[in-house]
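# Examination of the molecular architecture
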Amino acid sequence: ATPVAIMVGNGIGARNGILFKNAMALENTGKADIVVMDKTGTLTTGKPVVTDVIPVAAEEKQLVSIACALESKSEHPLAHAVVNYGKNAERTDHTVEDFTVHPGNGLSGTIDGKMAFGGNLSFMEQQMSIDESVRAQADRLAGEGKTPVYFAYDGRLLGMIGIADVLKADAKDAIQKLHHMGKRVMMLTGDNERTAQAIAAQAGVDQVIANVLPQDKEANIRKLQGKGLVIMVGDGINDAPALTRADIGIAIGAGTDVAIDAADVVLMKSDISDVPAAIHLSRKVLKNIH
Ligand code: ADP
Ligand code: MG
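Please read these numbers as outputs of a predicted model, since none were measured by experiment.

Take the site of ligand 1 next. Surveying the vicinity of ligand 1 reveals 23 residues, the closest of which are Thr40, His76, Asn120, Gly190 and Asp191. Of all the secondary structure elements, the ones that give two or more residues to the shell around ligand 1 are helix H3 (39–43), helix H5 (77–86), strand S5 (106–111), strand S6 (114–119) and strand S7 (147–153). Its residues assigned to classes, the shell around ligand 1 shows five nonpolar, 14 polar and four charged. Per-domain counts for the shell around ligand 1 show at least three residues from each of domain 1 (17–45 + 167–286) and domain 2 (49–164).

Set out below in structure tokens:
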């Protein structure tokens with residue numbers, strides 16, 4: 001593309017809230033073969049809410065109060081959902097110590113001197129055995145696109161909390177547009193396979209890579225680069241290495257500063273439909289149409 005086309009393209013982008021950080025980003029975006037999307041905060045609103053509380057070896061009240069105490073120490077979107085939910089419940093004061101984040105899995109700490117854990121199935125299985133009937137309940141939640149989070153305290157499985165994060169209003173339409181442009185659309189997430197598949201089906205995503213630990217997102221992008229030019233779209237701290245690795249990294253404007261710094265393109269309106277819009281603009285620039 002000519003320098004003039006680049007300049008005009010950048011200007012049109014900026015006016016529409018699509019910031020290309022460099023000329024190469026503007027030129028390459030339209031050439032991508034594969035668009036990889038993070039789930040939470042990218043395809044979904046990233047403001048999940050508690051939908052189900054399923055006690056196992058506890059009263060609902062204890063499950064919620066331990067869950068809130070532990071999650072109050074976390075910055076994770078799932079943690080915010082639990083804490084928000086607990087605001088309406090009766091308050092119990094707990095002392096949380098030795099709080100530890102287990103990235104992509106959950107969290108642990110001591111509450112009033114006893115060990116507490118919260119997180120996904122594989123994380124909880126490292127602490128205790130989980131009955132088939134309990135797993136079946138988690139599976140049911142996951143099938144509805146909800147994320148089941150298990151909580152354990154003092155050697156007992158208190159139960160699980162189902163958390164739902166809805167698709168962004170324009171997600172389905174954006175993916176349809178990407179398909180019309182001949183792009184392959186994939187979802188990359190740390191969430192479990194079943195939940196991820198349910199959300200992917202709602203959005204129309206072609207393929208899901210689930211259960212990906214934060215440190216493994218980049219390696220997954222690297223693998224996909226063997227198949228074509230890859231765009232990665234993400235918002236989280238854990239997406240940053242993948243955004244850097246991808247041929248074009250696109251950050252959601254409402255996302256973390258770390259993701260925005262790592263990206264080549266920033267979507268200021270945080271609309272997912274600005275991904276096909278960015279590709280469209282890039283193609284126009286490549287053809288020097290303005
Ligand atoms: P994503 O790729 O969707 O942003 P993460 O890698 O942040 O997901 O987390 C992956 C999974 O780890 C979550 O779906 C959840 O099961 C578990 N997890 C992470 N942080 C927490 C937390 N604070 N509380 C409960 N579960 C958590
Ligand atoms: Mg995210």
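Resuming the write-up.
Our next topic: the environment of glycine 17. Tracing the sequence through the fold places glycine 17 in the loop between helix H1 (3–15) and strand S1 (18–20). For glycine 17, a count of 15 C-beta atoms within 10 Å translates into the label partly exposed. Measuring from C-alpha to C-alpha, the distance between glycine 17 and alanine 278 comes to 9.9 Å, with 261 residues separating the pair along the chain. When near neighbours in sequence (up to four residues on either side) are disregarded, glycine 17 contacts Leu267, Met268, Lys269 and Asp274.

The strand order S1-S13-S12-S11-S2-S9-S10 describes an open sheet built from seven strands, whose pairing is mixed. What marks the edges here is a single partner per strand, and that holds for S1 and strand S10 (207–209). Neighbour-to-neighbour, the strand axes of the sheet open up by a mean angle of 20°, direction not taken into account. Relative to S10, strand S9 (residues 184–188) runs parallel, the two sharing three bridges. Within the sheet, the bridge partner assigned to methionine 187 lies in S10 and is valine 208. Against the sheet, helix H13 (residues 274–286) contacts S1, strand S2 (34–38), strand S11 (230–234), strand S12 (248–252) and strand S13 (265–267), and its axis sits at roughly 50° relative to S1.

Quoted interface sizes are often the accessible area lost when the parts come together. For the protein chain, the assigned domains are domain 1 (17–45 + 167–286) and domain 2 (49–164). For domain 1 and domain 2, the distance between their C-alpha centroids amounts to 30 Å. Counting from both sides, the interface comprises 13 residues of domain 1 and, opposite them, 12 residues of domain 2. For the side of domain 1 that touches domain 2, the elements supplying multiple residues, two or more each, are H3 and helix H9 (193–203). In terms of residue count, the dominant contributor to the side of domain 1 that touches domain 2 is H9 (five residues). The residue makeup of the side of domain 1 that touches domain 2, split by class, is four nonpolar, seven polar and two charged.

Inspection of the secondary structure assignment puts threonine 51 in strand S3 (residues 49–55). Classification of threonine 51 as partly exposed rests on a count of 15 C-beta atoms within 10 Å. In the structure, threonine 51 is positioned 30 residues away from alanine 81 in sequence and 9.7 Å away in space, judged by C-alpha atoms. Not counting the four nearest positions on each side in its chain, threonine 51 is found in contact with Lys146, Gly162, Ile163 and Ala164.

Turning next to the nonpolar core. Core analysis: the biggest nonpolar cluster contains 53 residues, and Val35, Val36, Ile231, Met232 and Ile250 have the highest contact counts within it. Here the element with the most residues in this core is H13; it accounts for six residues. Setting aside chain neighbours within four positions, we find valine 36 in contact with Met186, Leu188, Ile221, Leu224, Val230, Ile231, Met232 and Val233.

Most of S9 sits inside the fold, with four of its five residues counted as buried. Read from S9 through H9 to S10, the crossover connection turns out right-handed.

Thresholds applied
Throughout this description, residue numbers start from 1 for each chain and increase along the sequence as written. Chain A is the first chain written and ligand 1 is the first ligand written, with later ones labelled in order. Totals for whole chains, interfaces and linings use all residues, but because this is a predicted model, local features are given only for residues with pLDDT of at least 70 and pairs of side-chain atoms are given and counted only at 80 or more. Being near a molecule or strand means, for a residue, that its backbone-placed C-beta atom lies within 6 Å of it. The secondary structure listing takes helices from DSSP runs of H or I that are at least 4 residues long and strands from runs of E that are at least 2 residues long, numbered from the N terminus. Each residue gets one label: Ala, Val, Leu, Ile, Met, Phe, Trp, Tyr, Cys and Pro are nonpolar, Asp, Glu, Lys and Arg are charged, and the others, such as Gly, are polar. Boundary definitions for the domains trace back to an automatic or database domain assignment. Partly exposed residues are those whose C-beta has more than 12 but fewer than 20 other C-beta atoms within 10 Å; 20 or more makes a residue buried and 12 or fewer makes it exposed, with C-beta atoms placed from the backbone. Two residues qualify as being in contact provided that their C-beta atoms, derived from the backbone, are within 7 Å of each other. The rule for pairing is simple: two strands pair if DSSP sees at least two bridges between them. Here an axis means a line fitted to C-alpha atoms, over the contact stretch when the element is a helix, while the angle between two N-to-C directions is reported on a 0 to 180 degree scale. Nonpolar cores are identified as sets of buried Ala, Val, Leu, Ile, Met, Phe, Trp, Tyr and Cys residues joined via C-beta atoms within 7 Å. Think of it like this: strands point away, you trace from the first strand over the helix to the second, and a clockwise trace means the crossover is right-handed.

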